[in-house]
Amino acid sequence: MAKKVIVTIGRQFGSGGHEIGEKLAKKLGIKFYDKELIKLIAKQSGLCEKVLESYDEKPTNSLLYSIVMDIYPSVMYTGPTIDQQIYQANYDTIRKLSEESCVIVGRCADYILRDVPELVSVFVHASQDFRAGRVADEYQVTDAKAREMLGKTDKKRASYYNFQSEKKWGMAASYNLCLESSSIGIDASVDLLINYIKSRGLL
């Protein structure tokens with residue numbers, strides 16, 4: 001790719017956002033980041049990977065603080081709080097990644113990179129039946145359990161995004177493009193994104 005493009009993907013749980021991002025990155029020949037970000041952030045910041053996993057796209061909770069108290073007992077009293085440190089580490093890592101073309105899933109990347117001209121911010125949503133079916137298959141759980149997981153995970157993602165970004169998770173105005181994966185499927189969603197990127201002159 002001669003030009004640079006940064007694609008950020010927000011997604012409802014079970015909508016296929018991860019799969020769409022991964023396939024998009026492969027077709028474009030660029031790097032893909034989702035859970036891999038945790039290892040990168042830990043490496044670049046020196047923060048404990050287990051703490052980062054506990055915080056990943058979740059609102060701050062007492063469990064996180066109890067873990068941190070054991071690992072970084074002085075952090076709570078000298079300087080920024082651990083959630084501030086983690087957000088800053090997340091911010092710094094994502095800004096660094098944006099120096100080259102890539103696809104980043106979640107982690108408020110669209111907000112962190114909102115001033116980047118090459119940014120294409122996307123939100124993937126889908127019908128509850130579509131999402132529940134995917135989650136039930138992937139995690140080998142009942143339909144009822146899958147639907148419970150949908151609600152809990154989306155609530156955590158929304159709370160994290162709304163707090164960190166000052167925008168509204170899942171609201172069309174927060175993104176360049178919103179697409180419903182359940183209506184056209186995963187592969188067609190990837191093709192649609194490629195066409196949109198081309199229309200922006202980024203390919």
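Rules of the game
Residues numbered from 1 in each chain as written. Predicted model: local features only at pLDDT ≥ 70, side-chain atom pairs only at ≥ 80, totals over all residues. Heavy atoms only, no water. 1 Å grid on protein atoms, 1.4 Å probe; cavity = no way out; pocket = protein on both sides within 12 Å on 5 of 7 lines; lining within 4 Å. Points joined across faces, edges and corners; volume = space filled by probe spheres on them. Helix = DSSP H or I, 4+ residues; strand = E, 2+ residues; numbered from the N terminus. Nonpolar A, V, L, I, M, F, W, Y, C, P; charged D, E, K, R; others polar. Pairing = 2+ DSSP bridges. Axes fitted to C-alpha atoms, helices over the stretch in contact; angles between N-to-C directions. pLDDT = per-residue confidence, 0-100. Contact = heavy atoms within 4.5 Å. Buried < 20%, exposed > 50% of the residue type's maximum accessible area, 1.4 Å probe, protein only.

A. A look at empty space enclosed by the protein. The full count for this structure, using the stated rule, is 2 cavities of 30 Å³ or more. When its volume is computed, the largest cavity comes out at roughly 130 Å³. Counting residues per element, the ones that place at least two in the lining of the largest cavity are strand S1 (6–11), strand S3 (102–105), helix H6 (109–112) and helix H8 (143–165). Volume-wise, the second largest cavity comes out at about 90 Å³. Contributing to the lining of the second largest cavity are Leu-37, Ile-38, Ile-41, Leu-52, Tyr-55, Asp-56, Glu-57, Ile-86, Asn-90, Arg-107 and Tyr-160. Elements represented by at least two residues in the lining of the second largest cavity include exactly helix H2 (36–45), helix H3 (49–55) and helix H5 (82–97). Ranked by the residues each element gives to the lining of the second largest cavity, the list is headed by H2, at 3 residues. A class-by-class count of the residues in the lining of the second largest cavity yields 7 nonpolar, 1 polar and 3 charged.

B. Quick look at the sheet that holds strand S2 (residues 31–33). With parallel pairing, 5 strands are arranged side by side in an open sheet as S2-S3-S1-S4-S5. Only two strands of the sheet have a single neighbouring strand rather than two, namely S2 and strand S5 (177–180). The mean angle between the axes of side-by-side strands here comes to 20°, regardless of whether they run parallel or antiparallel. Of the pairings in the sheet, the one linking strand S4 (residues 119–125) to S5 comprises 4 bridges and is parallel in character. Looking at the pairing, His-125 lines up with Glu-180 of S5.

C. Focus on the confidence of the model for the chain. With 89% of its residues at a pLDDT of 70 or more, the chain has an overall mean of 88. Here residues 61–77 is modelled with pLDDT under 50, and outside its nearest four sequence neighbours on either side it reaches 25 contacts, counting other chains as well.

D. Geometry of unusual backbone geometry. The backbone phi angle of Arg-107 is positive, close to 60°, even though this residue is not glycine. Mapping Arg-107 onto the fold places it in the loop between S3 and H6. With a phi angle near 55°, Gln-140 is a residue other than glycine that sits in the positive phi range. Inspection of the secondary structure assignment puts Gln-140 in the loop between helix H7 (128–139) and H8. For Gln-140, a relative accessible area of 67% puts it in the exposed group.

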